[in-house]
Every structure is written in C-alpha cells, then in structure tokens.
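For reference, the chains in residue letters:
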Amino acid sequence: MVGSGREFTEKEKAWWVVQPVRKVVVPKVGHAVDFFVERKLGQAGLMMSEEASAEEFVRRAYFDLHGLPPAVGQVEEFLTAWEKDRDVAVNELIDELLASPRYGERWGQHWLDVVRYADSDGYRADDFRPAAFRYRDYVIRAFNEDKPYDEFVKEQLAGDEIAASDPERVVATGFLRNGVYEWNQRNAEMQREIMINEITDVTAEVFLGMGIGCAQCHDHKFDPILQKDYFALQAFLSSVYWPDDRSFATPEELAGYQKRYRAWEEATAEIRAEMALLVEAGQRAKYNSHVKTFPPEVQEMFAKPREKQSSYERQISFLVERQAIREVETRAKPEQVLKKGSPGRLRYEELETQLSAFDRLKPEPLPKSFMSTDTGSEAAVVQLNSEEVMPGFLTLLGEAAPAIERRETTTGRRSALADWIVASENPFTARVMVNRIWQHHFGRGIAASPNDFGMLGEEPTHPELLDWLAGEFMSGGWKVKRMHKLIMTSAAYRQTARFEPSNAQVQTDPGNKLLWRFPPRRLGAEQIRDAMLALSGELKHLEGGVAQGGSSPVRSIYLRKMRNTPERVLQCFDSPAGFASEPERLNTTTPTQSLLLANSEWPLARARALAGRILGAKGSAEGGDVREAYRMVWGREAKEKEVKAAMEFLSSQSKNTEKDQRAGGASDQKGLVALKSFFKGAESYLARGARGAFSLKPGSKWEYLELPGVQLPEDQFSASAVVRLDEVHDDARVNTLLSQWNGNHQSQGWSIGVTSEKSRYGPRNLIVQLVGLNPGGDLEYEVVASNLRVPLKVPVFVAVVVNARGEGQGRVTFYLKDLSRSDGEMQRVEVGHKVVGGIQRKSGKVFLGARSGGGHLWRGEVARLRLTRKLLHERDLPEFPDPVIDLNVVDLAGLPSGAKWGGHEKFSAASSPEREAFEDFCHALLSSNEFLYLH
Amino acid sequence: MPHSRRQFLMNSGAGFGGVVLSALTGERLYGSELRTRNPVAEKIPHHLGKAKSVIFLFMEGGPSHLDLFDPKPLLNKLAGSPLPESFERPVTAMGEAGSPLLESKREWKQHGESGLWISDWLPRHSSIADDLCVIRSCVSDGINHAGGVSQMNTGSVFGGRPSLGAWVNYGLGSVSDNLPAFTVIKDSNAMVVNGSRCWGSGFMPASYQGTLFESGHEPVANLNLPEGVTEKRQRGKLSFLNRLNEEHLMGRQSNTELEARIRSYELAYRMQAEAPEAIDLESEQAAVKRMYGLENEQTRVFGRQCLMARRLVERGVRFVQLYHGAGSKWDSHSGMEKNHARLCGNVDQPIVGLIQDLKQRGLLDETLVIWGGEFGRTPMSEKGDGRDHNPTGFTMWMAGGGVKGGQTIGATDDLGLYATEDKLHVHDLHATVLDLLGLDHNKVIYQHKGRPERVDLNEGESAAGEILG
C-alpha cells in the first residue's frame, strides 16, 4: 500500500464538498429558489429588486437560452402574452425556448469550454481534426434532447464500453481526446505521460469540480487530496488511446460496408498487389527511417509483436505509428516515391486507371469517428514510488475500492469510474453541475470557482440552495432543462438589472452575491458575433456537420476552432483558446475591442447588411426605419427624442459621407488624365465618382462574368485592368480579378487576384496563383506575390505579365498604379517562380471576378479589362496590342457574345450619402453598450 | 454619494473574471476595480529593481551556443566519432543522438577587458563584450519548437498560460497610456511558432497580452480608419455612438464596465495617434540609423526592429519582444554554416547598435536586454552538416538593467550537451527577469480556477544575485 499515511485534520474532514448532499426542506408555498435567496437577503437586511419589464426579460431569456436576440415579432408576441398573464407568459416562453434547436447551440458551448474542445491539435502544426465535430454535435444533441446528465457523464468517460454498437454514444469518448497533441514529439513516453496526466486533470475538474493537478507531484498543499489519490484516479484512465481508424457506423453498417469492400478487394486483388509492390520499398523505407528517430527503448517496444506488447507498450507504439503514418502520407506518396516518367511511375499510373474501372464496386468510405478506447483489457500500470497504484477514490472519503469488470478489449475501469461519479451518494457530481447551470444563468456560481471546490476557494454563498438544487437535479432524473425552468421562473431570475444600489447594498454586499438585483452582463463572444449575424439577416442555421471556415455566416459553435489561429471577433471578446478546461469566461474591456468594432471590416459589413435589410432598395432612411433599427438591435421601442437625435445624426452624417465619396473618387484632374490614357469612357466613369462601372458584388446577381473560351499559350500571357476594389474578404479568400482556374491545387490554371485580411501574404497583396509544371515536370501550385498593396475604394490600374517560359524559372511582372492620385507612380515588381509551363486550361473559359464556377469573389468594380497571348513590355501597356479580350464595361462596348453573368438573384442597391449615413447609424447601434450588455 | 460610489468601486466583486490578487500591495483588487482604472496602470515594484523595461531579442529556431558563445575544444577533437559512452544519451527531436559529433568551424577569441568568449560569427559583438552577462547553463523542457517556444514565452510547453511579457505587464503596469505595454515585432510576414499565443495573456485578462506591431501602414490591427472613410465621417459616427453610450449610462452608473467601454474608445483613439509615430523612424538622425545598420540590405530589417524597440521603451513600453527568424529560421538541421552565417550577419550590427544607443542615451541601466532562442543545438551532427535541437544546455545573455556585464555564468559539459554548473531552467530565467525588474516572483500571483498561479509554475528560483554581480 502506497501512501503517506497522513492523518486528516478535523477541518479537512469537515470540507463542505465531501459532506453528503443534504436533504433540504422548503416551504410548500412560494418558489423554492426564492425561499433561499430571500432568506439570505433578509439576513443582510436587503431585498430583491422589482420584476424586470417584459422587454428586459424576453431579451435576457433569448440571449441566455439561445445566445441570440429575439426577433421583433417574438418580442411582440411575448408582450401580448405578458399583458394577459405574466406567469403563463414566462412559463410558455421558457418552454418554447428550451424546445428549440438553438438552445443546444448555446448551452453546448458552455460545455465545450469546460472540456477544452477545439478542432485542431495545437502545438506547431495545429493540424485540423476533421472528425472532432462529431463530439461537438454529440454535445449539442445531448442538450437539445435533454439527455440525463448521468448518462451524459457515463458516455463521455466510457461510451465505448457501455454502448459499443451505438456510434452516436461512442463518439462521446471524444471527451478524452479533446486535449492538445504534438505531431512530432519523439519522446513518446513523455508524450504518453503528458496525455494521460491531462486526461486525469480534466476529468477531475469537469465532473468532480476538483483541481487536482498539484497532487501529481506532491500531496495537495491546500486540499485533503493525496498524491496517491491523484494516481488512483489516473489508474482508471491510464490505458486510453486515440484510434484513428474507427468508423462512425453501427455494426450493421460496418458489416455491410465490409462485405462490399471485400468484393471490391477481391476483384482488384491483382492490380492492387502490383501497385503495392511498386511503392512498397519506398514507403517502407520512409516508415522505418522515421521509427528510427525515436529513442532506442521506444523502438524496442515498437518492434515487439502486438500480442507480446503490454497495454503501455501499445500506447507508445500507437504514438510512434501515428507519426510514421503521417510521414508516409505526406512524404512518401506514390508520386513522391516513383519518379516522374520512370517505368515504375508509368506502370503505376496505368494500374490506377485499371483500378478506377472497378470504382462502381467500391463502397463510399464510412465517415470517421472521433473516439477513445483502451489499448487492451489489461491495464497500463500506474506507479508511484515504484509501486503499482490501483484505481480508487479520495482517501478522505474512506470508500472501498471499486469492483471492476474487465471487458473484451478494454479494462472496464472507466465504466467503474463513471458509475462512481454518477452514484447518488457521490457528493461532488450533482453539486458541480447544478452550480454550472446556476453560474451561466446568473454569471456567478453559488460556489464561485466552478472547476475547483477546493478549500482555498470561497464557500458557497447559498450552501443550502446548492444542496437543494443538487437533490432536485438527481430526483428529477438528472434533467438539465428542468433545472433551467426551475431557476428561470424564480423571482430571483425575473428581477430587473435596472436597479442602482444605495448605501445599504454598497455596505453589505457590493458584489451582489446575494442577488439584490439581476446581475448585469456583457454578451459573450459567440453571442456578439451570432447576434450581429442574426440582425444583419445573414445567419445561416446548420444542423451540425463539418466545422466551417472562419467567415461562414453560421453560428460560432460551428466554426472551426483552430487553437493557434482563433477567429478574430471571438478571440477579441474573450473566447478561450481551448488549451485547458475553462469554466468561466473572462470579461474584458479593451481598446483592441473598440478598434475592432470601429475599424475592422467585419462589423462594418454586418452594419451594411442590417441597413440593407431595413431599407431595401430605398436610398435614404425615414423615422420608421430608425424605429425598426432600435427594435431589432435593442429589442425595445425607441423614445421620441431618440428618434429625433437619430434623424439629426443621419442628416449631418450624410454630409460627411457625401464629401467622403468625393474624397474616395478620382476628382483630381491629373488623376483623370492618368485614367484617360488607359481607357475610353473614363470621363463618364469618373463623372460618377469612379462609380457606375459594373459592380461585382457578392450577394448580387452580378457576382462574376463568365467569358467564352480563349485558348492561351501554355506558358505566357498578359492582362491589364482598370478596377476598383471596395473591400477584401475578412478571411483568407482571394479577391479574384481574372482566372482560368477552379481553385484546385491539382488542377492546372492561373488566377490573378488580391489577398484578403487573413492571407498569409498579408491583406491587399496583388498576386498570381499558378498551377503548372515545375522544371522536374511535376505539377506544382505556387502563389506569386507581388507585395504591391492595392488601395481600396479608388480606381487603380493593374497589369500582370506572366512568363513561365524560363529555363528552370518563370517570372511574373506586376504593375500597379493608383489612378486617383496625380502623384500615383506606376509601381513595377518582378517575382520569380518555379512553374515553367502547363498553366493553360483546356476549357479556355475565363472568369472575371471569380474562380471558375464562382467563389473567391471580387468585391468592387471592373471598368476595363484586356487580355493578350503576348508578353507585353511596360511601354505597350497603354496601347495593349492584339487583345483576345477587350472589355470596356463602362459603355458596354466589347462585351463578347456568349458572356454571361453569374451570381445571386438578389437586388443590390446603389450607394448614396444618405444610405451610407444610415449604415453608419446601424454600425453605431451594433457597437453600442445597450446592444453589448444585458443591462 | 461620491464616497460610497468610490467605496462601491473599491469593494465591488461584480466581475465574473478571476479575482486578481495585486502583486504589489497585497491588497485584493476585484474585477470591476480593474475595469475602472486602467488595469495596466503603473504599479509600484516590491523592491528597487534597476530595470524598468525589457527588450527580449528572440532568435527563433534555436541558435547554436556551440558556435557563438560556448567554445568546446573537445568537440573538435572528437569530431566525427559518436558521443562517448560516458554521456547520457539524450532524446532528440530528429532522433540523431547516435550521429557523429560535428566540429565547430568557428574561430574563437576573448573580447573586451573581461575576456568574454565570442566566436567570429558575431565580430561586432567584441565592442559590447563587457556589457554582456553570458549564461551558458540554460535548460528547457521543450525538445521541439512548439514546446520550446511556448515554454520560453509562457513557462509551459503546452500553451494556455500568460506569457512573460504579460506577467511583467501585470506586475508593473504601464507607464504609457497610449501605447500597449507589451509589444511584439517580427522580422517577416512568417508567423512565430504557435502563433499569437506566444504573447497571449493565457488565463489573465486580455489587457495584459502583447500587441503585434507590424511594419507597414497599419502597425496594429484595425488601427487605421476603414479604407475610404474620412476622419470627419468617422468622428461623426463615433461621437454619435458616444452619445448613445452616455445616455445608456444614465441610471446605470454602478456598472463600471459601461464607463470603461466608453473610455476604451478614447484609449483606442489615442493609440491611433501615438502608435504610428512611435515606430516611425524618419525622424531619427542618419548617424543613429547607421548604428543599427539601416543603410545595409543585410541588417536593415532587424536594425529597424531594434531601433523601434528603443523608441518604444523610451516611450514607456514595458516589454518589447523582437523575433528574428520568425517561423524557426534559426533552425539548422543541415547546412548550418550557411544558415547561421547569414542570420548572424543580420543581427550582429543591429544588436551592437541597440546596446550602444541605449547606453549613450543613459537608457541601458534601466533597460534589460535579453538574447536567446528556445534552445541551443546538439554537439552531434545531423544530416552531416547540421545540428539537432538541444534544450538540455544552451546559452542566453543579458545586458543592461543593472546586470553585471563581462561575466559568464554556468557551464555545460565538455561537449556542450548538458548544463552542468548553475543550471538556469526557463522557470528560473523568468523568476530572474521579474527580480531584475524589482518584482518578487513569489508574490506576483494571479488567482485562477481557485489556485494561485505564478510566472514560474512555482518551480523557479531567481538568479538575479549572481547576474547583478
């Protein structure tokens, strides 16, 4: 028996959280929650505030349960019901909100914070985890279906043991693999230790509200937790690993798949055997040389036959194998192992063609799961001071060692742990969860430190309430939705935040721990982002699925959460990075947030869309539009003086925006001259303030122009254009000016464009993307960046001369000239690249303003465009001899027959000073404190 | 009422964030108190540290101590043979522990009055030899770049903790209201390994995090007005917003966050005015620019960074971190001669220029300059002419801030593989930096998830005593 033999003090034995959950009796009359809250307030000589107004309450309830603002109609509906009967209205509203799928998207996020969820590995490579979303969807679904919390806990710890045939429940064990993973750590034993320690720490924090990390190295200094207890808990979890080959499928689906797959395998056995033979030597060499980079003792474990390996050795081998496979997959692909043009490569390609003839037999691959399980039924031994530590619970509790039933492929230990955690006698579990629920409703838990009920933390403010809630939670079948309703129907929750404290509150309870008013709160990161998208009418609802790219207008919970490159709006408003369990959000107020709200493109675009939604095609706003904006953004009717002030602002601001347009246009005579030398029709273009050429606006029906086929040489062309770029994308998408390319790195073509906010080449960089052949004859994708920055909202002249004919190197010459400035010099840059041919595209279709088939859109205007097969010199640019395309969009001369517009059938209204002033008004509302705070 | 309002602010625990224990007075500063005052407002140190600000020159990727500051004659003697049996075999990133030892091709001389050893890769450093305190016994836990860079910045190999600059910012606060107290400048568009969390605030409020200054027309993200929007239009909009917020504040004054947000717009506005000026080098005299090597293609980039760093500390910025070789460019698994010769050429003059310029302005005494990477390199070769990562023994140096120059602290073994004397773990290094700034690292505490957190994960010890000499 390992142990310090330490005696616990009386104080330690009296630690509140290890005492059994007390049965607390409440009066039959009145709301139980209020019984506790009022009693405490009364003892302090304080009382609750008045009931919140209907507007205040409905906005609070929507943001709380859905993370979204109520729509104008939803507010009205609630007001009507409120007039009839307040209690009924509140009850019905809560039921309705809890029944909506939006609920799981909000409360699932709280859970994802606690389980350090992310869609990437962290560390340097920060690889995307394509299947992690299945765990995220499991969590959302669990909340929406009101899965009993005890089942929820058990599935996350041991879904593979208790529901092996149900992929939806097995994937809950993704909980055990949400932590960070280092893709190239050669010290495999240390890596395993780090991973198992992390799982131990997070399990204790999440389910038991116990911060036990300190006890890894020594007995806990402040809490009665022994070092031995740490390892006894770890012993439940020590055999876990993260298989990558499991399908997200039922046994029946799997069997069906395997049957069909075997048929394909049999039919193609010979072909595949020959293919394997061709690449085997090269791939094996890569695999073996990678294994050799591990320490000798690790290689020894890895070399043992699987059946001779211990569970521990299998865990280590898994880590080695994972890296070696990655190495082969990225560095020893068939086209890397077999030299281009070699007999082996040619044969391999032949065989590939033959193989593809059998594709109809081949079943669609099953989706991958994101799960954890043990490496075997025998446990990986946990040691402390060279002695094995068996699974067990806190010494302080004095409980017997658990009975553990070994399974066929797992130790059974995690099920035993889960059973103990959800046992009704467990003093931690229900308290921890009801405390989290309370915390998210009121901004602060009854116990203030939700992941650590340790002795250093503050005592619960309402210990009896906590116990009563915990008891209700368990006796009500661990149903979370029931707890929401219980809490939200209380007077404590229904009171107003609009009460200013006087001396009584300030002296007695300045922190409002006793709830003499509803605690005012700032919206959280996801609430801010999602609410802006909802108000602008852009929010797209999903029913789960693969994590979406940064700028998708979907709810934040569905965005890819990359640990090293967090989404900017979310990060700025304190969304956690996902490295550790975060039970509470920080709530900061920084100049960085103000800069983001005031100057960055993202909120501006939302404001424009909101303005568009209200104004439709109207050129200017009236009083009714202002009222509607207030209703939408603030959830209340505007006061008369507010409407008046807004109208005054619109009138004065439209003078500011008017000047703005002139400033942004090319009013300067010399600039005009510069422009005139580049295309006909310049005067009429500039007379409109350099507006009025074809607007290529995403969301309009003129997103891009598809031009009929033009056959270009395989290694050269020149293009020039007069364009205006109004804005760049807020992600890494390219603003494509002209392309003969579909965006696939394996598909030949070229594209001229300007980079966006998150591009690795920095924003507004004029670039050419090429997919062609390198000197070795292999297909190569290359970005040729000029580092010339395209100014926004002014007419510019751009030209690129692509010369991929060089011996061993090609080059692109870029030209850029700001036409709005008389002193705008022609900038010229030459950049070398590796692509030396093969950039032409067979279809020959040229796309203006997008890649082929749309996407990566240009956001601005194109006034003039020319394309030639020749390599032009700078002096030829104004004249531009022998164009194969010569498009003068301003007066529509030269639009070739067969050209067609692509895009959405949505009306895009023209801009005007008055309209822009209203956009500014909407922007101010979306940045205002009344929007950002529930107060 | 004014009295009670102040008291309310003093005592209010309305914040939801972690409760912050003031490092300095021992007084509890609650969330909303922080929001009322500028959270990074200047604070008073525990004891008198000479250093008031830090410039951390981070050579990302791991420079070779064996070829720069830590000469090993035995290495050249044994070159070509494997690591002798008497040495414990390390676990190396690329698994090259068994590869033959690689000689150092450098010429070594002692420099300055102190006779400090510096190799011929840093020829100009001879003129600052007497300012440098070279620590040859640094130790880290990260064998890969991600873990190494993360630990050198945050103390942990995983991430999720506040960076050193954030701790300094938290402990000492900012002198300047208009510039971020912790700024980071990189030498290229390439990202530093692990991205922005290298200068993140981890579990602390975001006000302590580093701000990335970029070269170009927009030094700080979202600093400029939206393209095409005039100053006048922006002012019109923001003053309307201000009016909305002021009206909203009426009857809600007890919520100090509301006022703080109104104020954050003023701060943002001042930053818009001041930040571009702080890093605009046009006003610098030609002779100064020459000191930093701005006229020379090879040294211009890092020279600009160093000169910006001086301008920032002059303006009260507490912690400036300069990355050279962002994205692991100092990493040299093969072809080290070529790689290091070039990179040393990039930094030699700018670093010397920085030290000399700080000195001539009387700023060196109060500015602690730190040089180093996330680890050093192995005596064993890799791919014939490179070296693998070595976190078990490597060199960093400090200068200024009261540090006694011209001395060498600690030692590695005869091959430079393991630190043997006066080991200085990254935790110790962090504790030392705080100490040199006048902060007791044991008392700079941030309460998180119910636990007292410190810069050194409770494991460091300050070596300031030796370093100050």
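Computed from a prediction, not measured in an experiment: that's the story for all the values here.

**Here's the deal with the overall build of chain A**
Part 1 of the reasoning: Per the secondary structure count, chain A includes 33 helices and 20 strands.
Part 2 of the reasoning: For chain A, whose C-alpha radius of gyration is 32 Å, the value lies close to the compact-globule estimate of 30 Å for 935 residues.
Part 3 of the reasoning: Dimensions along the principal axes, computed over C-alpha positions, put chain A at roughly 95 × 80 × 45 Å.
Part 4 of the reasoning: Residue burial in chain A is summarised as follows: out of 935 residues, 59% are buried.
Part 5 of the reasoning: Per element, the accessible surface of chain A, about 37000 Å² overall, is 50% carbon and sulfur.
Part 6 of the reasoning: Treating the 122 positive side-chain charges of chain A as one cloud and the 132 negative ones as another, the clouds have centres 4 Å apart.

**Looking at the packing of helix α4 (residues 145-154) of chain B against helix α11 (residues 426-436) of chain B**
Helix packing for two helices is described by the angle between their axes and how far apart those axes are.
All names here are of chain B.
Part 1 of the reasoning: The geometry of α4 relative to α11 is characterised by a closest axis approach of 9 Å and an angle of 30 degrees between their N-to-C directions. Taken together, the axes of α4 and α11 are roughly parallel relative to one another. Considering the relative orientation of α4 and α11, their crossing is right-handed. In this structure, α4 contributes Q151, M152, N153 and T154 to the contact, and α11 contributes V426, H427, L429 and H430.
Part 2 of the reasoning: Here the contact of α4 with α11 is built from residues that sort into three nonpolar, five polar and no charged.

**Observations regarding the sheet that holds strand β12 (residues 779-789) of chain A**
Residue and element names in this part refer to chain A.
Part 1 of the reasoning: Strand order in this open sheet of seven strands is β12-β11-β10-β9-β16-β7-β19, and the pairing throughout is antiparallel. Of all the strands in the sheet, just β12 and β19 (900-902) have a single pairing partner and so form its edges. The sheet shows a mean angle of 20 degrees between the axes of neighbouring strands, direction not considered.
Part 2 of the reasoning: Here eight bridges tie strand β11 (residues 765-773) to β12, and the two strands are oriented antiparallel to one another. Bridge pairing in β12 places V768 opposite V784.

**Here we look at the interface of chain A and chain B**
Part 1 of the reasoning: Taken residue by residue, the interface counts 94 residues in chain A and 88 residues in chain B.
Part 2 of the reasoning: Of the roughly 7400 Å² buried at the junction of chain A and chain B (both faces included), carbon and sulfur atoms supply 53%.
Part 3 of the reasoning: Ranking the residues of chain A by area buried against chain B places A:R124, A:L595 and A:N929 at the top, with a combined share of 9%.
Part 4 of the reasoning: For the interface between chain A and chain B, the tally reads three salt bridges.
Part 5 of the reasoning: The partner of A:E916 in a salt bridge is B:R233, and the shortest N-O contact between them spans 3.2 Å.
Part 6 of the reasoning: Here chain A and chain B share 27 residue pairs in polar contact (both at pLDDT 80 or more) between them.

**A word on the domain arrangement of chain A**
In many analyses, interface size is given as the accessible surface area lost on bringing the parts together.
Part 1 of the reasoning: Parsing chain A into structural domains produces domain 1 (251-366), domain 2 (589-667 + 911-935) and domain 3 (692-909).
Part 2 of the reasoning: Just the C-alpha atoms count here: the centres of domain 1 of chain A and domain 2 of chain A sit 58 Å apart.

**Quick look at the pattern of salt bridges**
Residue and element names in this part refer to chain A.
Part 1 of the reasoning: Enumeration over the complete set of coordinates arrives at 82 salt bridges over all chains.
Part 2 of the reasoning: Linking R86 and E51 is a salt bridge whose minimum nitrogen-to-oxygen distance equals 2.9 Å. A residue pair is termed long-range when its members are at least 10 positions apart, and R86 in helix α5 (residues 86-99) and E51 in the loop between α2 (32-43) and α3 (54-65) qualify at 35 residues.
Part 3 of the reasoning: Given a relative accessible area of 41%, R86 falls into the partly exposed group.

**Here we look at the environment of A:F921**
Part 1 of the reasoning: Topologically, A:F921 is positioned in helix α32 (residues 913-927).
Part 2 of the reasoning: Along the backbone, A:F921 and A:F649 are 272 residues apart, and their C-alpha atoms lie at a distance of 7.9 Å.
Part 3 of the reasoning: In this structure, A:F921 is in contact with A:V626, A:A629, A:Y630, A:A646, A:F649, A:L650 and B:F240, ignoring residues within four places of it in sequence.

What counts and what doesn't
- Residues numbered from 1 in each chain as written.
- Chains lettered and ligands numbered in written order.
- Predicted model: local features only at pLDDT ≥ 70, side-chain atom pairs only at ≥ 80, totals over all residues.
- Heavy atoms only, no water.
- Helix = DSSP H or I, 4+ residues; strand = E, 2+ residues; numbered from the N terminus.
- Rg over C-alpha atoms; globule rule 2.2 N^0.38 Å.
- Buried < 20%, exposed > 50% of the residue type's maximum accessible area, 1.4 Å probe, protein only.
- Areas by Shrake-Rupley, 256 points an atom, 1.4 Å probe, with all protein chains shown as cover.
- Lys, Arg positive; Asp, Glu negative; His and termini not counted.
- Charge placed at Lys NZ, Arg CZ, Asp CG, Glu CD.
- Axes fitted to C-alpha atoms, helices over the stretch in contact; angles between N-to-C directions.
- Parallel < 35°, antiparallel > 145°, perpendicular 65-115°, else oblique.
- Left-handed = near helix turned anticlockwise from the far one by under 90°.
- Contact = heavy atoms within 4.5 Å.
- Nonpolar A, V, L, I, M, F, W, Y, C, P; charged D, E, K, R; others polar.
- Pairing = 2+ DSSP bridges.
- Buried area = accessible area lost by both parts, 1.4 Å probe.
- Salt bridge = Lys/Arg side-chain N within 4 Å of Asp/Glu carboxyl O.
- Polar contact = N/O pair within 3.5 Å; in protein donor to acceptor, adjacent residues only side chain to side chain.
- Domains from an automatic or database assignment.

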